[in-house]
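Notes for the structure review
Chain residues, written in single-letter form:
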Amino acid sequence: MTRRELRARGDVRVVLAEFEAAATKATALPPGTCEEVAFVGRSNVGKSSLMNALLERNKLVRTSSTPGCTRQINIFAVKLRDGRELRLADLPGYGYAKLSKAERASWGERLEGYVQSRATLRCVVLLVDARRGYEPDDAQMAEFVRSDRPAGPAPRLVVVATKIDKLPKASWRPTLTAITRDAGVPAVGFSAATGEGRAALWASILGDADREGRAPDALASSGAVG
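Thresholds applied
Residues numbered from 1 in each chain as written. Predicted model: local features only at pLDDT ≥ 70, side-chain atom pairs only at ≥ 80, totals over all residues. Heavy atoms only, no water. Helix = DSSP H or I, 4+ residues; strand = E, 2+ residues; numbered from the N terminus. Buried < 20%, exposed > 50% of the residue type's maximum accessible area, 1.4 Å probe, protein only. Contact = heavy atoms within 4.5 Å. Areas by Shrake-Rupley, 256 points an atom, 1.4 Å probe, with all protein chains shown as cover. Phe/Tyr/Trp six-rings, centres within 6.5 Å; stacked < 30°, edge-to-face > 60°. Core = buried A, V, L, I, M, F, W, Y, C linked by side-chain atoms within 4.5 Å. Salt bridge = Lys/Arg side-chain N within 4 Å of Asp/Glu carboxyl O. Pairing = 2+ DSSP bridges. Right-handed = clockwise from strand over helix to strand, strands pointing away. Axes fitted to C-alpha atoms, helices over the stretch in contact; angles between N-to-C directions. Parallel < 35°, antiparallel > 145°, perpendicular 65-115°, else oblique. Nonpolar A, V, L, I, M, F, W, Y, C, P; charged D, E, K, R; others polar. Expected span 1.5 Å × (residues − 1). Arc of directions from axis to C-beta. pLDDT = per-residue confidence, 0-100.

Of regular secondary structure, the protein possesses six helices and eight strands. Reading the protein from its N end, one meets helices and strands in the order α-β-β-α-β-β-α-β-α-β-α-β-α-β. Expressed as a percentage of its 226 residues, the buried residues of the protein come to 50%. Sequence separation of at least 24 residues holds for 74% of the intrachain contacts in the protein that already meet a minimum separation of 6. For the protein, the computed accessible surface area is about 10,900 Å², with 50% contributed by carbon and sulfur atoms.

Below, the structure is given as structure tokens:
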């Protein structure tokens, strides 16, 4: 079965997922050898849980009940059943009010340094808490991701609304529609607890893999709203 056929079925299987490296600065990371996908969002948005659910691994990406746990850039090597190899980057969170100004500045420099300098970065997944909606910090991050950078063209932006299971199901569509409107790109609803939206999120992440340049369809039945 071809890569396109596997993705059309939403059948993305991870055959290898392992921690590869961590650093406080992008310059200290191993050189990029394949496409990279970065995950970023406000502290306590559920980033680690989402990445574990996406990779179908329980404890690969460190989770914590304490906001602001990720203080480094953590890189994970991933291989899919269709043969594609990726690196996933877990970036420091933002918007945690209890951090000092110096800590916030330091974390911001790490995050921005990675996005600006990583030539192999192809996609940034921006996590938004479905219960809070698209906030000013998220809009600022999206604008930064879309801006010109020395390393090459801006990476594609994928927006995912986490913890969708915490909302009544009747409010999922209006919530995702509002986030889509504010973000300017289709939002994917995701639940790390139930796996809701996993296929839709993988389709959005791998959209640039279609060599004919076509993005995947919005998968409304799996949590995406076009």
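We are not done yet, so read on.
By the definition in use, this model includes one aromatic pair. With a centroid separation of 5.8 Å and an interplanar angle of 70 degrees, the aromatic rings of phenylalanine 19 and phenylalanine 76 are classed as edge-to-face. Note that phenylalanine 19 is positioned in strand β1 (residues 14-23) and phenylalanine 76 in strand β3 (residues 73-80), a separation of 57 residues in sequence. In this structure phenylalanine 19 comes out as partly exposed when scored by relative accessible area, which is 45%.

Before going further, it helps to examine the nonpolar core. Counting 34 residues, the largest nonpolar core has Val40, Leu91, Tyr114, Leu126, Met141 and Val159 as its most contacted members. Those elements giving two or more residues to this core turn out to be β2 (36-41), β3, α3 (101-117), β5 (121-129), α4 (136-146), β6 (156-162) and α5 (172-183). Dropping the residues within four chain positions of it, tyrosine 114 is found in contact with Ala26, Leu29, Glu36, Ala38, Ile73, Ala89, Leu91 and Leu121. Grouped together as the second largest cluster of nonpolar side chains are 28 residues, Leu55, Val78, Leu127 and Phe190 included.

Turning to the pattern of salt bridges, a few remarks are in order. In total, this model carries twelve salt bridges according to the counting rule given. One salt bridge in this structure joins glutamate 36 and arginine 118, with 3.1 Å as the shortest N-O distance. Taken together, the positions of glutamate 36 in strand β2 and arginine 118 in the loop between α3 and β5 put the pair 82 residues apart, joining distant regions of the chain. Assigned by exposure class, glutamate 36 and arginine 118 land together as buried. Across the pair aspartate 137 and arginine 42 runs a salt bridge whose closest N-O atoms are separated by 2.7 Å.

This part takes up the pairing of β5. Counting buried positions along β5 yields eight of nine residues, so the element is predominantly enclosed. As paired elements, β2 and β5 share six bridges and run parallel to each other. Within the sheet, the bridge partner assigned to valine 40 lies in β5 and is leucine 126. The sheet contact formed by β5 and β6 spans seven bridges and is parallel. Across the sheet, aspartate 129 pairs through a bridge with threonine 162, a residue of β6. Considered for its hand, the β-α-β crossover made up of β5, α4 and β6 is right-handed.

Relative orientation of the contacting elements helix α2 (residues 47-55) and helix α6 (residues 198-205) amounts to 90 degrees, with a least axis distance of 10 Å. Judged on the interaxial angle alone, α6 and α2 are roughly perpendicular. For the pair α2 and α6, contact is made by Leu50, Ala53, Leu54 and Leu55 and by Arg198, Leu201, Trp202 and Ile205, respectively. In terms of residue class, the contact of α2 with α6 is built from seven nonpolar, no polar and one charged.

With that settled, the discussion passes to α5. Residues separated by three or four positions in an α-helix point in the same direction, a consequence of the helix having 3.6 residues per turn. The end-to-end C-alpha separation of α5 is 16 Å, in line with the 16 Å expected for twelve residues at 1.5 Å each. Among all positions in α5, only Trp172, Thr175, Leu176, Ile179, Thr180 and Ala183 are buried. Buried residues in α5, looked at end-on, bunch into an arc of 135 degrees, giving them a common side. Just downstream of α5 lies glycine 184, where phi reads positive at about 85 degrees.

Take the confidence of the model for the protein next. Averaged over the protein, the pLDDT score is 82; the fraction of residues at 70 or greater is 77%. In this model residues 208-223 is a low-confidence stretch, pLDDT under 50, and it forms 33 contacts with partners more than four residues away in sequence or in other chains.

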